[in-house]
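# Coordinate analysis (summary)
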Amino acid sequence: MISRRNFLNSTGKGLVASTIGIKSLISFAQGASLNENTTASFISIIQGDCFDGFSQFSVLTINRKNLRFFLFKNSQLIQEIPSYIQKHPSFNSRIDKLFVKGLQTETYYELRITQDNMLIDSRFFKSINSNRLQYRIALVSCMDDKLHKPQMWQSLLQQQADLILFIGDSVYADADTNGPANGFHLWRSFAASRFTLDIYKWRYLVPVLSVWDDHDFGHDNSGSFYPYINDSTNNFKTFFAQDYQISPKLIRGPGISSAFRLGSLLVLLLDGRSFRHRPGTKDSFGMFGVEQQTWAYQLIKNHSGPTLLVNGSQWFSDSGVGESFNHDYPENFRQFINHLKFLNKKILFASGDVHFSELISIPKEVLGYQTYEITSSAIHSMTAPGIPQFF
């Protein structure tokens, strides 16, 4: 275990000779098998920020000590990777945060994990070249681990996405709390989901970048009035692998919002909870807050290509089914859309939340061009409200 400061300052290079030893180097070069007496399923790994020769990871384990992490390419040891450990005092699980840089893009590497010099898990990953012409991006929301359907994740894996965006309700932290989820409930729910969902067990990792909606924020239909925002923010940053302090590509925004560029596309993952007022307010910044809304405008204005705007809840729907920017904050929504029209930039909208998928056509007169809102929900949860079925 190393301190956070040393972790952030370390490149991970130059550690191999001093930390492994000659016999171990030879053993690793020859390869090793997983310990058959160790349950690899209790290692949950997520690859997050992954662009242009860089990659970071969040590794969740339970009842484990003496873990070490190694980077391989073509079965050859490249380096030992230092980790920064994060824990919750009420649980025996832990998160190891890792990062590596200097990778060749679009090339598979192997992450090997050992405990007491025994290989216990191995995953393959690659870093994405952010200057390609095309990408396959998957939109994922509403994944209730109590209704887990592995076949949904296997179907997603077969789509060969370059990047997966978790766009809200990656866990249901308030499902059994009878009120707002606190730090204890949040860690418990995130850990349970990480030990359950098939995606965290994939041998070939697909990078995930995330933003929250109400249930992984901590309470149904909540916002700036939720009492545990700081606890929730820290929990989110612990479990996902998108540390802005060490990322060369992620642009940090207010709350947990972030932005990044893929080719000509600007992607904005907006925090639709931390600054949200109660529905019905006539405040001009009732949904995203003045700082975040201004930040988003500036990024869109300065970007020459199209933008994908991502929010946990819907943008344009006025059906009253679930939450939406248009329905709950009509004055703010009108001003927001008018400002986007003034910027004269091409924008596509994405959302989740409502437990059904929908493609909303946005008429040309709204923004000056034809565009769409893509609602992708749910991976596994209840179907549309009022229908007592599961999928």
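Note that the structure is predicted; figures quoted are calculated from it, not measured.

## Some details on the overall build of the protein
Of regular secondary structure, the protein possesses eleven helices and 18 strands. For the protein, with 391 residues in total, the buried portion stands at 56%. Relative to all contacts within the protein whose residues are 6 or more apart in sequence, the contacts with residues 24 or more apart total 71%. Counting every atom, the protein has about 16,800 Å² of accessible surface; 50% of that belongs to carbon and sulfur.

## Examining the environment of Leu308
Tracing the sequence through the fold places Leu308 in strand S15 (residues 307–310). Each C-alpha atom, one on Leu308 and one on Ala259, is 9.8 Å from the other, the two residues being 49 residues apart in sequence. Not counting chain neighbours up to four residues away, the residues in contact with Leu308 comprise Leu165, Leu265, Leu266, Val267, Leu268, Leu348, Phe349 and Ala350.

## A short note on unusual backbone geometry
Geometrically, the link from Ser377 to Ala378 is a cis peptide bond, its omega value of 0 degrees lying close to zero. Mapping Ala378 onto the fold places it in the segment after strand S18 (371–375). A positive phi angle is found at Asp52, which is not glycine, with a value near 55 degrees. With respect to the secondary-structure elements, Asp52 resides in the loop between strand S1 (44–47) and strand S2 (54–62).

## A look at helix H10 (residues 330–343)
If you check H10, its first and last C-alpha atoms are 20 Å apart, about what 14 residues at 1.5 Å a residue would give, namely 20 Å. Among all positions in H10, only Asn332, Phe333, Phe336, Ile337, Leu340 and Leu343 are buried. Burial along H10 is one-sided: seen end-on, the buried residues are contained in an arc of 125 degrees. Among the structural elements, helix H8 (290–302), S15, helix H9 (325–328), strand S16 (347–351) and helix H11 (364–367) are those in contact with the buried residues of H10. Asn344 sits one or two residues past H10 and shows a positive phi near 60 degrees.

## Structural notes on the sheet that holds S2
A sheet is described by the order of its strands in space; here four strands give the open sequence S1-S2-S6-S5, paired in antiparallel fashion. The open sheet terminates on both sides in strands that have one partner only, identified here as S1 and strand S5 (84–87). Between one strand axis and the next, the sheet turns by 20 degrees as a mean value, whatever way the strands run. Relative to S2, S1 runs antiparallel, the two sharing four bridges. When the sheet's bridge partners are listed, Ser44 is paired in S2 with Leu60.

## Some points on the sheet that holds strand S13 (residues 258–262)
Within a beta sheet, neighbouring strands are joined by backbone hydrogen bonds and run either parallel or antiparallel to one another. Pairing is mixed across the open sheet formed by seven strands, whose spatial order is S12-S13-S14-S15-S16-S18-S17. Each of the sheet's edge strands pairs with one partner strand only, and the pair in question is strand S12 (251–252) and strand S17 (358–362). The sheet contact formed by S13 and strand S14 (residues 265–269) spans five bridges and is antiparallel. Pairing of Phe260 across the sheet is with Val267, part of S14.

## Some details on the nonpolar core
Of all hydrophobic cores here, the largest spans 53 residues; its most connected members are Trp153, Ile164, Leu165, Phe166, Ile199 and Phe260. For Leu165, the contacting residues outside a window of four places in its chain are Ile137, Ala138, Leu139, Val140, Leu209, Phe260, Val267, Leu269, Leu308 and Val310. Residues Leu266, Phe288, Ile300 and Trp315 belong to the second largest nonpolar core, which totals 27 residues.

## Description of the packing of aromatic side chains
If you walk through the whole model with that rule in mind, you get 29 aromatic pairs. Ring plane angle 45 degrees and centroid distance 4.9 Å describe the contact between Phe236 and Phe240, whose orientation is recorded as tilted. Put simply, the rings of Trp153, Phe166, Trp187, Phe190, Trp212, Phe217, Tyr226, Tyr228, Phe236, Phe239 and Phe240 touch in pairs and so form one group of aromatic residues. Note that Arg194 overlies the ring of Tyr200, its terminal NZ or CZ placed 5.0 Å from the centroid. One residue, Lys346, lies across the ring of Tyr369, its end atom 5.4 Å from the ring centre.

## A closer look at a nonpolar patch on the surface
Taken together, the side chains of Leu348, Leu359, Tyr372 and Ile374 make up a nonpolar region of the molecular surface, amounting to roughly 330 Å² of accessible area. For Tyr372, the position within the fold is in strand S18. Under the relative-accessibility criterion, Tyr372 is labelled partly exposed at 35%.

## A closer look at the environment of Tyr108
Mapped onto the fold, Tyr108 is located in the loop between strand S6 (93–101) and strand S7 (109–115). Judged by relative accessible area, which is 39%, Tyr108 ranks as partly exposed. For the pair Tyr108 and Lys126, spaced 18 residues apart in the sequence, the C-alpha separation amounts to 4.7 Å.

## Notes on the pattern of salt bridges
Applying the stated criterion to the full structure yields twelve salt bridges. The shortest N-O distance in the salt bridge between Arg273 and Glu323 comes to 2.6 Å. Residue Arg273 is found in the loop between S14 and H8, and its partner Glu323 is found in the loop between S15 and H9; the two are separated by 50 residues along the sequence. In the salt-bridge network here, residues are joined through shared partners; they are Asp213, Arg273, Arg276 and Glu323.

Reading the values: rules and limits
Residues numbered from 1 in each chain as written. Predicted model: local features only at pLDDT ≥ 70, side-chain atom pairs only at ≥ 80, totals over all residues. Heavy atoms only, no water. Helix = DSSP H or I, 4+ residues; strand = E, 2+ residues; numbered from the N terminus. Buried < 20%, exposed > 50% of the residue type's maximum accessible area, 1.4 Å probe, protein only. Contact = heavy atoms within 4.5 Å. Areas by Shrake-Rupley, 256 points an atom, 1.4 Å probe, with all protein chains shown as cover. Expected span 1.5 Å × (residues − 1). Arc of directions from axis to C-beta. Pairing = 2+ DSSP bridges. Axes fitted to C-alpha atoms, helices over the stretch in contact; angles between N-to-C directions. Core = buried A, V, L, I, M, F, W, Y, C linked by side-chain atoms within 4.5 Å. Phe/Tyr/Trp six-rings, centres within 6.5 Å; stacked < 30°, edge-to-face > 60°. Lys NZ or Arg CZ within 6 Å of the ring centre and 35° of its normal. Patch = residues over 30% accessible without salt bridge, like charges linked within 9 Å, V, L, I, M, F, W, Y side chains within 5 Å. Salt bridge = Lys/Arg side-chain N within 4 Å of Asp/Glu carboxyl O.

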